[in-house]
Amino acid sequence: MSSILVVYASLTGNTEEAAEVIAAAAREAGADTVLKEAFDANAEELLQYDGIIIGAYTWGDGELPDEFLDFYDGMAGLDLTGKKAAVFGSGDTSYPIYCGAVDTIENKLKELGAEVVCESLKFEYGASSGEKERASEIGKLLAGLLSVAT
Ligand SMILES: Cc1cc2nc3c(=O)[nH]c(=O)nc-3n(C[C@H](O)[C@H](O)[C@H](O)COP(=O)(O)O)c2cc1C
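Here's a quick rundown of the structure. Here the structure is a predicted model, which is why all the values come from computation and not from measurement.

**A closer look at the packing of helix 2 (residues 66–75) against helix 3 (residues 100–111)**
One can describe the packing of helix 2 onto helix 3 by two numbers: an axis separation of 11 Å at closest approach and a directional angle of 20°. One element, helix 2, and the other, helix 3, form an angle in the roughly parallel class. Note on packing geometry: the crossing formed by helix 2 with helix 3 is left-handed. In contact with Phe 68, Tyr 72 and Met 75 of helix 2, helix 3 contributes Thr 104, Ile 105, Lys 108 and Leu 109. For the contact of helix 2 with helix 3, the per-class residue count stands at 5 nonpolar, 1 polar and 1 charged.

Right under this line is the structure:
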């Protein structure tokens, strides 16, 4: 069975809600899926999974949230070649850098060799029903791609 780690940082629950939708969909699609908050996870754990889904809200001036910084720093130097990945997160369009954390994480995953399999999901505050549907599709997509690959 393929395995997926969904790891996220969320302060007020918006990104967490989407993380739960994604993880439930991946599980339903047959992947052995673990859902963790970033501060309970270690970046090296990424090496144990076939699929990686990372979510983070954006903080400061388009920055990564504090709860995600240790995890992000720990990603440096990991070889994620062969992993399939997706990224999501909540933001607020009134800030000049909308969902900047999502872009930063996507770029880092690509730099480390992971294959980002779909356009990253950005949503304002809580995900709408359509955005939750996309979240669900991301979980299913990754689980489906991994079941074909393994
Ligand atoms: C001090 C502060 C700075 C923020 N900076 C940004 C930003 O630069 N870009 C952005 O898209 N959203 C920004 N946001 C909005 C949050 O990302 C947004 O409220 C999000 O829904 C929080 O997600 P969460 O519920 O998962 O914690 C900021 C919010 C606060 C309070």
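**Here's the deal with the site of the ligand**
The environment of the ligand is formed by 20 residues, the closest being Ser 10, Leu 11, Thr 12, Asn 14 and Ser 90. Between the ligand and the protein, one listed contact pairs an oxygen atom with a backbone N or O atom of Asn 14 at 2.7 Å. At 2.8 Å from an oxygen atom of the ligand is found a main-chain nitrogen or oxygen belonging to Cys 99. In the complex, 83% of the free accessible area of the ligand, which totals 650 Å², lies under the protein chains. At a threshold of 2 Å from the grid points, most atoms of the ligand map onto the largest pocket. Secondary-structure elements contributing two or more residues to the shell around the ligand are helix 1 (14–28) and strand 4 (84–91). A class-by-class count of the residues in the shell around the ligand yields 8 nonpolar, 10 polar and 2 charged.

Conventions adopted
- Residues numbered from 1 in each chain as written.
- Predicted model: local features only at pLDDT ≥ 70, side-chain atom pairs only at ≥ 80, totals over all residues.
- Heavy atoms only, no water.
- Axes fitted to C-alpha atoms, helices over the stretch in contact; angles between N-to-C directions.
- Helix = DSSP H or I, 4+ residues; strand = E, 2+ residues; numbered from the N terminus.
- Parallel < 35°, antiparallel > 145°, perpendicular 65-115°, else oblique.
- Left-handed = near helix turned anticlockwise from the far one by under 90°.
- Contact = heavy atoms within 4.5 Å.
- Nonpolar A, V, L, I, M, F, W, Y, C, P; charged D, E, K, R; others polar.
- Near = heavy atom within 4 Å.
- Polar contact = N/O pair within 3.5 Å; in protein donor to acceptor, adjacent residues only side chain to side chain.
- Areas by Shrake-Rupley, 256 points an atom, 1.4 Å probe, with all protein chains shown as cover.
- 1 Å grid on protein atoms, 1.4 Å probe; cavity = no way out; pocket = protein on both sides within 12 Å on 5 of 7 lines; lining within 4 Å.
- Sits in = over half its atoms within 2 Å of the grid points.

No statement about biological role is implied by the geometric values presented.
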